[in-house]
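Here is what each chain is made of, one letter per residue.
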Amino acid sequence: RMRDAAERARRALSQSDDTVMRFTWQGESHDIALTADDFAEVAAPLIERLRAPVLRSLRDGSTKAADVSEIVLVGGSTRMPLIRKAVTKLFGRFPSSAVHPDHAVALGAAIQAGLRANNSDLDEIRLTDVCPFTLGTGVGDYARNGQYIGQAFCPIIERNTVLPASRVNTFSNADDNQKQVEFNIYQGESRNLADNIQIGSLTVPIPPGPKNTVKLECRFTYDTSGLLEVDVHIPATGVKKQVVIYDASDRELVRNLDAKRKELEKLKVHPRDEAVNMAAMARADRCYQDQLGDMRDYVGGLISQYVAALESQDPRTIEAAREELHKQLDAVEGERFL
């Protein structure tokens, strides 16, 4: 009863500066006068919590608040004057009130359902799914003097990566004559491993050898259905191990698991081995061989920048770098390039 009365009072304060919260308990009627200032005081910690995800999304998108063309509020809670004031203060301008906050949510849900059902009416609509949280593994953390501190989180697929995605990272044995390596798989954002959520593990036998000499390639492959494949490959021995992580209660995913895994298999190629990137690298190398002196050094710098972009394994970064590489090579080679 108190919860219902509080909800009614909260909604009333969205329309006026004061209200009375009324409820009956054990035969006795209670009236509590509330003002908008009272509500603002108790809601302040919640309003402050809204800032962090907004600022993080702007930062992840490399976007400044001033560059956002329009601010649209959706969802019932955005009717609250407190929310509108907080958003106005955050962005330095008033948000748009042209969109119905509940209607927008309903439309978004309907469009998402239509896309999942492959409805032909939505052929021109594309939504990009991104990884909602960072996926990675634990690694040894050492101080500058070489002292072992503990385990730290090593991201492999970072949040906001467009899905489906496949990323690979190289690790090595931490101790002399180590016989196996355990890859614990986590999701989260904290560098402190214990603050993240462990979702799986994989134990891989390795050949004994001196510290930091046995290389292990760990690849994470993740898609929009929540299917995660973790592959570990030891180039020295050819040993390969894999663990598959998914929601067993997702009936659609379980039913199409084999087909989903075949689709993921196509992603397990490093960008440097893709034909379009190999062709760009071959052209750059040929241009390097044709030049001398300062111009050769300049082309070498272009190649280094492109290699760095390839190692990022981010498709958008690589595409932009490849276009820039061809543009610069066109300027160097002029009409000689065929």
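The rules behind these values
Residues numbered from 1 in each chain as written. Predicted model: local features only at pLDDT ≥ 70, side-chain atom pairs only at ≥ 80, totals over all residues. Heavy atoms only, no water. Helix = DSSP H or I, 4+ residues; strand = E, 2+ residues; numbered from the N terminus. Rg over C-alpha atoms; globule rule 2.2 N^0.38 Å. Buried < 20%, exposed > 50% of the residue type's maximum accessible area, 1.4 Å probe, protein only. Contact = heavy atoms within 4.5 Å. Pairing = 2+ DSSP bridges. Axes fitted to C-alpha atoms, helices over the stretch in contact; angles between N-to-C directions. Parallel < 35°, antiparallel > 145°, perpendicular 65-115°, else oblique. Left-handed = near helix turned anticlockwise from the far one by under 90°. Nonpolar A, V, L, I, M, F, W, Y, C, P; charged D, E, K, R; others polar. Expected span 1.5 Å × (residues − 1).

Caption draft 1: Seen up close, the overall build of the chain. Tallying secondary structure elements over the chain gives nine helices and ten strands in all. Taken over C-alpha atoms, the radius of gyration comes to 27 Å for the chain, far larger than the 20 Å a tight globule of 338 residues would show. The principal-axis extent of the C-alpha atoms belonging to the chain is close to 85 × 55 × 50 Å. Relative to its 338 residues, the chain shows a buried fraction of 31%. Looking at the chain alone, contacts between residues at least 24 apart form 55% of all its contacts between residues at least 6 apart.

Caption draft 2: Representation of the sheet that holds strand β6 (residues 180-187) within the structure. Taken in spatial order, the four strands of this open sheet run β4-β3-β6-β7, and their pairing is antiparallel. The sheet is open, and its two borders are formed by β4 (148-157) and β7 (197-205), each paired with just one other strand. Looking at each pair of strands side by side, their axes are set apart by 35° on average, direction ignored.

Caption draft 3: The arrangement of the sheet that holds strand β9 (residues 228-234) in detail. Across the sheet, four strands lie side by side as β5-β8-β9-β10; this open sheet has antiparallel pairing. Edge positions in the sheet fall to β5 (165-172) and β10 (239-245), since each of these pairs with one other strand and no more. If you compare each strand with its neighbour and ignore which way they point, the axes differ by 15° on average. By the bridge criterion, eight bridges tie β5 to strand β8 (residues 215-222) in an arrangement that is antiparallel. Among the inter-strand pairings, S172 is bridged to a residue of β8, identified as K215. On top of the sheet, helix α6 (residues 257-265) reaches β8, β9 and β10; it is set at about 50° to β9, its chief contact.

Caption draft 4: Summary view of the packing of helix α8 (residues 293-312) against helix α9 (residues 315-333). Direction vectors running N to C along α8 and α9 enclose 165°, while the axes themselves pass 9 Å from each other. With respect to α9, the element α8 is oriented roughly antiparallel. In the packing of α8 onto α9, the handedness of the crossing is left-handed. The segment α8 lies against α9, with M295, Y298, V299, L302, Y306, A309, L310 and S312 engaging T317, I318, A321, R322, L325, Q328, L329 and V332. For the contact of α8 with α9, a count of residues per class yields twelve nonpolar, three polar and one charged.

Caption draft 5: Just helix α4 (residues 101-116), in detail. The terminal C-alpha atoms of α4, which comprises 16 residues, lie 23 Å apart, in line with the 22 Å expected from a rise of 1.5 Å per residue. Phi turns positive, to about 55°, at N118, one or two residues after α4.

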